[in-house]
Amino acid sequence: MWTCPKCGRAFQRREQDHYCGKAPETVDEYIAAQPEEVREYLNEIREALRAALPETEERISWSMPAFWKKHTIIQFAGFKKHAGLYPGPEAVQEFAERLQGYKTSKGGIQLPYSKPVPVGLISDIAKWCFQTGNHS
């Protein structure tokens, strides 16, 4: 077990990424609480998702920004060296060819801050999740 020295929460993995403190209530609060150097990157992801999913609602789910319409469509989050995009496992599999060069997991995609925001890819993934009903 590892205990975060900032918030006191205990985790099984050492140096587990998590949100310290009171969970944000809005996406604006979430982004404002991130380090200054990543806010612009997260805002670009947010704008790409807003443009792709105009009929959805923004909300916080699992302490992360989410786009929602009857269920969560897609989520994103900021971490130390990358932003995480969470469209679900089916989307990661569907877009595997276009995701070459990005680290992926079962339902997530790591977007390193060292690369430009892949706005077109994010938009296509979000629209696919919404249209097919496959979601995070």
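Everything below is about the structure printed above this text.
All of the points below concern the structure found in this document. (Residues numbered from 1 in each chain as written. Predicted model: local features only at pLDDT ≥ 70, side-chain atom pairs only at ≥ 80, totals over all residues. Heavy atoms only, no water.)

1. Some thoughts on the packing of helix 2 (residues 36-52) against helix 4 (residues 119-132)
The description of two helices packed together rests on the angle between their axes and the distance between the axes. Where helix 2 meets helix 4, the closest approach of the two axes is 9 Å, and the angle between their N-to-C directions is 45°. Here helix 2 lies oblique to helix 4, going by the angle between them. The interaxial crossing formed by helix 2 with helix 4 has right-handed handedness. Along its contact with helix 2, which presents I45, A48, L49 and A52, the element helix 4 presents V119, I122, S123, A126 and K127. (Axes fitted to C-alpha atoms, helices over the stretch in contact; angles between N-to-C directions. Helix = DSSP H or I, 4+ residues; strand = E, 2+ residues; numbered from the N terminus. Parallel < 35°, antiparallel > 145°, perpendicular 65-115°, else oblique. Left-handed = near helix turned anticlockwise from the far one by under 90°. Contact = heavy atoms within 4.5 Å.)

2. So, the sheet that holds strand 3 (residues 57-61)
Spatial ordering of the open sheet is given by 3-4-5-6-7, a layout of five strands whose pairing is antiparallel. For this open sheet the edge positions go to strand 3 and strand 7 (109-112), each flanked by a neighbour on one side alone. Pairwise comparison of adjacent strand axes, ignoring direction, gives a mean angle of 25° for this sheet. Pairing between strand 3 and strand 4 (residues 64-68): five bridges, direction antiparallel. Its bridge partner being in strand 4, E57 is matched across the sheet by W68. Each of strand 3, strand 4, strand 5 (72-78), strand 6 (82-86) and strand 7 is contacted by helix 2, which is oriented at about 170° to strand 5, the strand it contacts most. Against the sheet, helix 4 engages strand 5, strand 6 and strand 7, with an angle of about 145° to strand 5. (Pairing = 2+ DSSP bridges.)

3. Some details on the nonpolar core
Counting residues in hydrophobic clusters, the biggest one holds 34 residues, and the most contacted among them are I45, L49, I74, F76, L85, L111 and I125. Elements that contribute at least two residues to this core include exactly helix 1 (27-32), helix 2, strand 4, strand 5, strand 6, helix 3 (89-94), strand 7 and helix 4. Here this core gets seven residues from one element, more than from any other, and that element is helix 2. (Core = buried A, V, L, I, M, F, W, Y, C linked by side-chain atoms within 4.5 Å. Buried < 20%, exposed > 50% of the residue type's maximum accessible area, 1.4 Å probe, protein only.)

4. Some words on unusual backbone geometry
Positive phi is not limited to glycine here, since S63 has a value of about 65°. Within the element layout of this structure, S63 appears in the loop between strand 3 and strand 4. Judged by relative accessible area, which is 27%, S63 ranks as partly exposed. Although it is not a glycine, K70 adopts a positive phi angle of roughly 70°. Along the chain, K70 turns up in the loop between strand 4 and strand 5.

5. So, the pairing of strand 7
Every second residue of strand 7 is oriented toward a common face, the buried set being I109 and L111 and the non-buried set Q110 and P112. As defined by bridge partners, strand 6 adjoins strand 7 across four bridges and the pair is classed as antiparallel. Each residue of the ladder has a partner; that of H82, found in strand 7, is P112.

6. Focus on the environment of K6
Mapped onto the secondary structure, K6 falls in the loop between strand 1 (2-3) and strand 2 (10-11). A relative accessible area of 74% means that K6 is categorised as exposed. Measuring from C-alpha to C-alpha, the distance between K6 and G21 comes to 8.4 Å, with 15 residues separating the pair along the chain.

7. Topic: the packing of aromatic side chains
Evaluation of the coordinates by the stated rule reveals three aromatic pairs. Measuring from ring centre to ring centre gives 6.0 Å for F95 and W128, while their planes differ by 85°; the resulting arrangement is edge-to-face. Pair noted here: F95 is in the loop between helix 3 and strand 7 and W128 is in helix 4, with a separation of 33 residues, a long-range link. Given the relative accessible area of 17%, W128 is considered buried. One residue, R59, lies across the ring of W68, its end atom 3.7 Å from the ring centre. When the ring centre of Y102 is taken as origin, the NZ or CZ atom of K115, which lies over that ring, is 4.4 Å away. (Phe/Tyr/Trp six-rings, centres within 6.5 Å; stacked < 30°, edge-to-face > 60°. Lys NZ or Arg CZ within 6 Å of the ring centre and 35° of its normal.)

Function-wise, these values are silent; they only describe arrangement.
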